[in-house]
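# Descriptive analysis of the structure
So you can see what is in the structure, the chains are spelled out below.
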Amino acid sequence: MSTFSDASGVVTPLPKIRRPTGFSGVVPAFAFVGIFFVAPVAILLLRSVLEPVPGLGNYAQLIGSSTYLKIFANTFIVSGLVTVISLVIGFPVAWALAIMPGRLTSVIFAILLLSMWTNLLARTYAWMVLLQRTGLINKMLMGMGLIDQPLALVNNLTGVTIGMTYIMLPFIILPLYGVIKKIDPSTLQAAALCGANRWQCLTRVLLPLAMPGMAAGALMVFVMSLGYFVTPSLLGGTANMMLAELIAQFVQSLVNWGMGGAAALVLLVVTLSLYAVQLRFFGNQNPGGR
Amino acid sequence: MLLNFDRLGWWKYLLLGITLLTAAFLLLPIVFIAALSFGSSQWLIFPPPGWTFQWYRELFADPRWLESALTSFKIAVIVTVLSVLLGLVTSFGLVRGSFMFRDALKALFLTPMILPVVVLAVALYAFFLRIGLGGTLTGFVISHLVLALPFSILSISSALEGFDKSIEDAAVLCGASPLEAKIRVTLPAISHGLFSAAVFSFLTSWDEVVVAIFMSSPTLQTLPVKVWATLRQDLTPVVAAASTLLILLTIILMALVAVVRKVLKQ
């Protein structure tokens, strides 16, 4: 018997027993991701507490050394700077894109997408050449009489910050654009009618309304910056290593899997917890980090 | 009024100025590299004293550049095919299926996208050293597939979610077998998703550097690894030529996506 009548005589179907369907479809991907993603990462992290001797020695060494602490500091300082600068430049651009009329907007969108999808190495190489002592940027600054001597713009944290900000800008502009586009213009009209001047409208209406988008974008840029490898190692000097490079160096040159695993775990924990914050407070966004 | 461009007053010009400067900043390296690749100065002086094809000739004359480009292409094509096939089967399971931990599983499949790539690279490097896949084509394909699959699953799932399953059911009622209905009704309807999945997978593999650095061997390396290795020695304009070709491919693929989207929408 699959139905029953209640007191009023209305026939209601019994709740169906839900049989799992479609699981076989995900089995191949599950096996693949399990073997070639979950297992390798888990083994790497396990090695951090097992090699060379079981225990937390690797982590003690990581925290106890001023060299490593400086690398952590570098990583967080650069990522923080990149986030703040991207936000300061990205907000007006996203704002302009959201309200600007017609054709110019689509040209700028095309530029944004092109720069996002252009090979990372090609872009980083461009900055290596542009920022040299004899490079175009120094030449232009000297030509304008702003500086007398070429600035050291590359092989230091300045170079990394410039190169990373360049990469991150589209990642902050696009989500911010979406948020500002959704704001109802009448809220600002209402503020103006109530006597707010332009500045008050900006700081007390527009900025607060855009705040969730700004926070979400900033968090995403910060997390992505923490794990970057290619750009910091090409634009930064050997004296200004960042965390991703440290992991690579432990593994490639020092063949120290224990320390490599420990540094990887630190990066992983910071990354995943910040993403958890992101998911909890701002919903899902789709990043992509190299 | 702040959201009305014409009523912004002088703020309008401020916003416009910042936007144009930012656009120029984003475009600068791309244009610069292209110009540099035709410049005659070996020391990358800009503006160059003259123009030349010399660096392209050197690029094509060196069999190692060509070989690495072919390796990259081969890997990217295999990864694209596998990624779309696996993405398709998985998306059917995720979108149509109902089983425990479905959302958790989807999150797991997308995790490689948010994980710092260097962690995955190092982990796979260790794993492949043990099982003998380091420096092999299979190793490259597997590691690139881990990174490409999330993009594929995302594109195909979202296309499949937007497709009304009752149309497929109608085809079955009209006498098609379930498989036939999927192939002749559902697949064409989600072809834009399959196409995005293919393009994203190809570009992910083609542009991948970090994992490739760890996977490569002296005899087997991809184009980005070759660029990386060359850059660490000197800034030769040959790299500018190689980069320009990479950028050109990206522009062609992006234009293709735009055109196909337009055609499919009509």
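Residues numbered from 1 in each chain as written. Chains lettered and ligands numbered in written order. Predicted model: local features only at pLDDT ≥ 70, side-chain atom pairs only at ≥ 80, totals over all residues. Heavy atoms only, no water.

So, on to the overall build of chain A. Check the secondary structure of chain A and you find twelve helices and two strands. Starting at the N terminus and ending at the C terminus, chain A contains elements arranged as β-β-α-α-α-α-α-α-α-α-α-α-α-α. For chain A, the C-alpha radius of gyration of 26 Å lies well beyond 19 Å, the compact-globule estimate for 290 residues. Dimensions of chain A, computed from the C-alpha atoms along their principal axes, are close to 95 × 70 × 35 Å. With 290 residues in all, chain A has 50% of them scored as buried. Put simply, 70% of the contacts in chain A that link residues at least 6 apart link residues at least 24 apart. With the model as given, the accessible surface of chain A reaches about 13,600 Å², and the carbon-plus-sulfur share is 69%. (Helix = DSSP H or I, 4+ residues; strand = E, 2+ residues; numbered from the N terminus. Rg over C-alpha atoms; globule rule 2.2 N^0.38 Å. Buried < 20%, exposed > 50% of the residue type's maximum accessible area, 1.4 Å probe, protein only. Contact = heavy atoms within 4.5 Å. Areas by Shrake-Rupley, 256 points an atom, 1.4 Å probe, with all protein chains shown as cover.)

This brings us to the packing of aromatic side chains. Inspection of every chain in the model, using the stated rule, returns 23 aromatic pairs over all chains. Residues Phe36 of chain A and Phe128 of chain B carry aromatic rings whose centres are separated by 6.2 Å and whose planes lie at 70° to one another, so their mutual orientation is edge-to-face. Placement of the pair is Phe36 of chain A in helix α1 (residues 23–50) and Phe128 of chain B in helix α5 (residues 117–131), with the two residues belonging to separate chains. Take Phe128 of chain B: its relative accessible area is 0%, and that puts it in the buried class. An angle of 35° between the planes, with centres 6.1 Å apart, marks the rings of Phe151 of chain B and Phe200 of chain B as tilted. In this pair, Phe151 of chain B sits in helix α6 (residues 137–161) while Phe200 of chain B sits in helix α9 (residues 191–207), placing the two residues 49 residues apart along the sequence. (Phe/Tyr/Trp six-rings, centres within 6.5 Å; stacked < 30°, edge-to-face > 60°.)

All names here are of chain B. As annotated in UniProt, the feature "transmembrane region" (unreviewed entry) corresponds to residues 12–38, 75–95, 107–128, 140–160, 194–215 and 235–260 in the numbering used here. What you have in residues 140–160 is 100% helix and 0% strand, and the ends, taken at the C-alpha atoms, are 29 Å apart. Helix makes up 92% of residues 235–260 and strand 0%. Its end C-alpha atoms lie 37 Å apart. (UniProt positions renumbered as here; feature names shortened; annotations may be inferred.)

Turning our eyes to something else, we now look at the UniProt feature "domain: ABC transmembrane type-1" (unreviewed entry) in chain B. If you check UniProt for "domain: ABC transmembrane type-1" (unreviewed entry), the listed places come out as residues 69–257 of chain B in our numbering. In the segment residues 69–257 of chain B, helix accounts for 83% and strand for 0%; the C-alpha atoms at its two ends are 22 Å apart.

So, on to the UniProt feature "domain: ABC transmembrane type-1" (unreviewed entry) in chain A. Here, UniProt's "domain: ABC transmembrane type-1" (unreviewed entry) annotation points to residues 72–278 of chain A. Annotated as 79% helix and 0% strand, the span residues 72–278 of chain A places its first and last C-alpha atoms 22 Å apart.

The next point concerns the interface of chain A and chain B. Tallying the contact residues gives 93 residues for chain A and 89 residues for chain B. A buried area of about 8,300 Å², summed over both sides, lies between chain A and chain B, and 82% of it is on carbon and sulfur atoms. On the chain A side of the contact with chain B, Trp117, Tyr125 and Arg198 of chain A bury the most area, a combined 11% of that side's loss. Counting across the interface, chain A meets chain B through zero salt bridges. The interface formed by chain A and chain B contains four residue pairs in polar contact (both at pLDDT 80 or more). Here the residues of the side of chain A that touches chain B sort into 70 nonpolar, 16 polar and seven charged. (Buried area = accessible area lost by both parts, 1.4 Å probe. Salt bridge = Lys/Arg side-chain N within 4 Å of Asp/Glu carboxyl O. Polar contact = N/O pair within 3.5 Å; in protein donor to acceptor, adjacent residues only side chain to side chain. Nonpolar A, V, L, I, M, F, W, Y, C, P; charged D, E, K, R; others polar.)

A separate point is the packing of helix α8 (residues 185–193) of chain A against helix α9 (residues 198–226) of chain A. Residue and element names in this part refer to chain A. For the pair α8 and α9, the least separation of the axes is 10 Å and the interaxial angle reads 160°. Between α8 and α9, the angle is such that the two are roughly antiparallel. By crossing handedness, the relation of α8 to α9 is classed as right-handed. Across the interface between the two elements, Thr187, Leu188, Ala191 and Ala192 of α8 pack against Cys201, Val205, Leu206 and Leu209 of α9. A class-by-class count of the residues in the contact of α8 with α9 yields seven nonpolar, one polar and no charged. (Axes fitted to C-alpha atoms, helices over the stretch in contact; angles between N-to-C directions. Parallel < 35°, antiparallel > 145°, perpendicular 65-115°, else oblique. Left-handed = near helix turned anticlockwise from the far one by under 90°.)

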